[in-house]
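# Topology and contacts: notes
One-letter residues, chain by chain:
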Amino acid sequence: HVQLVESGGGSVQAGGSLNVSCALSTDSVCMAWFRQVPGKEREGVAVIDRNGRSTYGDSVAGRFTISKDNTKNTLYLQMNSLKPEDTAMYYCAAGFARNGYCSFLQSNYNYWGQGTQVTVS
């Protein structure tokens, strides 16, 4: 059974920073961060492929950075200049590419973590 475990969430003030991590029990072509606020759809935050190429959602581009440590099988999301609207449950996900691309299409991700809460006030 493949497991993804997020950690590093918490409460911070607006303008602050937070780094969340995801430990994976296996490698995947695509690794991503999603977030969800109660009552709203799950939103793609950032995705990274096996070559280290990354894509960001418009709302976080320039503020967040996705990275991975292949040796440790760990995914990271560095969040800077946090805003109250960044408050959400953050989920890491692992899955596969279509036509050589990693996208935010949720059906492409077959493994999901339980999430870590990030609250910005």
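Heads up: the structure comes first, above all this text.
What this report covers is the structure whose coordinates are included nearby. As the structure is a computational prediction, the values presented were derived from the model and not from experiment.

## As for the sheet that holds strand β7 (residues 64-69)
Taken together, four strands build an open sheet; the order of strands is β1-β3-β8-β7 and the sheet is antiparallel. Two strands lie at the open edges of the sheet, namely β1 (4-7) and β7, each paired on one side alone. With strand direction ignored, the average angle separating the axes of adjacent strands in the sheet is 15°. Bridge analysis of β7 against strand β8 (residues 74-79) gives six bridges, and the strand direction is antiparallel. If you follow Ser67 over to β8, its bridge partner there is Tyr76.

## Comments concerning the packing of aromatic side chains
Scanning all chains against the criterion turns up four aromatic pairs. Ring centres of Phe34 and Phe104 lie 6.0 Å apart, and the angle between their planes is 80°; on these two criteria the pair is classed as edge-to-face. Taken as a pair, Phe34 in strand β4 (residues 30-36) and Phe104 in the loop between β9 (88-95) and β10 (109-112) lie far apart in primary sequence, 70 residues in all. With a relative accessible area of 0%, Phe34 lands in the buried category. Ring centres of Tyr109 and Trp112 lie 6.4 Å apart, and the angle between their planes is 70°; this geometry places the pair in the edge-to-face category. Given the relative accessible area of 4%, Tyr109 is considered buried. Of the residues examined, Trp112 reaches a relative accessible area of 26% and is grouped as partly exposed. In textbook terms, an aromatic cluster arises when at least three aromatic residues are bridged by ring pairs, as seen for Phe34, Phe104, Tyr109 and Trp112. In this structure, Arg42 packs its charged tip against the face of Tyr91, placed 4.1 Å from the ring centre. Geometry around Trp112 places Arg42 over its ring, the cationic atom sitting 4.9 Å from the centre.

## Description of the nonpolar core
Side chains of nonpolar character tend, in soluble globular proteins, to be buried together. Among the nonpolar cores identified, the biggest contains 24 residues, and Trp33, Val45, Phe64, Leu75, Leu77, Met79 and Tyr90 are the most heavily contacted of them. Within the residue set of this core, elements represented by two or more residues are β3 (18-24), β4, β5 (43-49), β7, β8, β9 and β11 (116-120). Those residues in contact with Val45 that sit more than four places away from it in its chain are Trp33, Phe34, Arg35, Thr55, Tyr56, Gly57, Val60, Phe64, Leu77, Tyr90 and Phe104. One finds Cys30, Val47, Ala93 and Tyr109 within the second-largest nonpolar core, a separate group that totals seven residues.

## As for the state of the cysteines
Evaluated as defined, the whole model comprises two disulfides. The residue that forms a disulfide with Cys30 is Cys102, at a sulfur-sulfur distance of 2.0 Å. Given an S-S torsion of about -85°, the disulfide between Cys30 and Cys102 has left-handed geometry. Here the residue Cys30 occupies a position in strand β4, and Cys102 occupies one in the loop between β9 and β10, the gap between them amounting to 72 residues. Take Cys30 and Cys102: they sit in the same class, and that class is buried. Sequential numbering of the bridged cysteines in the protein chain gives the disulfide pattern 1-3, 2-4.

About the thresholds
Residues numbered from 1 in each chain as written. Predicted model: local features only at pLDDT ≥ 70, side-chain atom pairs only at ≥ 80, totals over all residues. Heavy atoms only, no water. Pairing = 2+ DSSP bridges. Helix = DSSP H or I, 4+ residues; strand = E, 2+ residues; numbered from the N terminus. Axes fitted to C-alpha atoms, helices over the stretch in contact; angles between N-to-C directions. Phe/Tyr/Trp six-rings, centres within 6.5 Å; stacked < 30°, edge-to-face > 60°. Buried < 20%, exposed > 50% of the residue type's maximum accessible area, 1.4 Å probe, protein only. Lys NZ or Arg CZ within 6 Å of the ring centre and 35° of its normal. Core = buried A, V, L, I, M, F, W, Y, C linked by side-chain atoms within 4.5 Å. Contact = heavy atoms within 4.5 Å. Disulfide = S-S within 2.5 Å.

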